[in-house]
Amino acid sequence: MSQEVSLFGNPTSGALGPVFSTQTSRQVRREVEQAQARGQVALANIAVRHQIAEAELASKATLRAAEEHAQSYLTATALCNTATLVAQAKAHAKTAPEGAHLYEAIVTAYAQGAIQRLQKGL
C-alpha cells in the first residue's frame, strides 16, 4: 500500500494533481482545520459585537424614551403650576389690587424660570 495521498482523492500523480505523502496530507489537514477554527472564532466575535451593538442601541432608545417622558411630565407640571399661580394672582388682585403688579411679576418670574429649566433639559 502506498504512503502517498492525493488531495484530490486519486492515489496517482498526473492529470488530477500532485500526490502528497501521508505526513504532508496530515499537515495540510491540520492547517485547514486551524483555518476553519479561526474562521469560526472570527464569526463568533462578529456575532458578539453585533449583539452588543444591538443591546447598546436598545439601551439608548429606552433611555431616550425615558428622557422624553420626563421632559413632557416636567412641561405639564410647569403648565399646571403656572395656571395655578395665574388663578391665585387673579384672586389676590381682587382682594388686594395694589399688589397686582407684584403678583404678575411673581408669576412671570416663575414662568420664565420654568422655561429656562425646560430648555436646559434634564
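Residues numbered from 1 in each chain as written. Predicted model: local features only at pLDDT ≥ 70, side-chain atom pairs only at ≥ 80, totals over all residues. Heavy atoms only, no water.

## A closer look at the pattern of salt bridges
Evaluated as defined, the whole model comprises two salt bridges. Close ionic contact of E67 with R64 constitutes a salt bridge, the shortest N to O distance being 3.6 Å. Taken together, the positions of E67 and R64, both in helix 1 (residues 22-95) and three residues apart, correspond to about one turn of that helix. Judged by relative accessible area, R64 falls into the partly exposed class, the value being 47%. (Salt bridge = Lys/Arg side-chain N within 4 Å of Asp/Glu carboxyl O. Helix = DSSP H or I, 4+ residues; strand = E, 2+ residues; numbered from the N terminus. Buried < 20%, exposed > 50% of the residue type's maximum accessible area, 1.4 Å probe, protein only.)

## Here we look at the packing of helix 1 against helix 2 (residues 100-120)
Running from N to C, helix 1 and helix 2 cross one another at 175 degrees; their axes reach a closest spacing of 9 Å. On the basis of the axis angle, helix 1 is roughly antiparallel to helix 2. For the pair helix 1 and helix 2, contact is made by Q71, L74, T75, A78, N81, T82, L85, V86, A89, H92 and A93 and by A100, Y103, V107, Y110, A111, A114 and L118, respectively. In the contact of helix 1 with helix 2, the residues fall into 13 nonpolar, five polar and no charged. (Axes fitted to C-alpha atoms, helices over the stretch in contact; angles between N-to-C directions. Parallel < 35°, antiparallel > 145°, perpendicular 65-115°, else oblique. Contact = heavy atoms within 4.5 Å. Nonpolar A, V, L, I, M, F, W, Y, C, P; charged D, E, K, R; others polar.)

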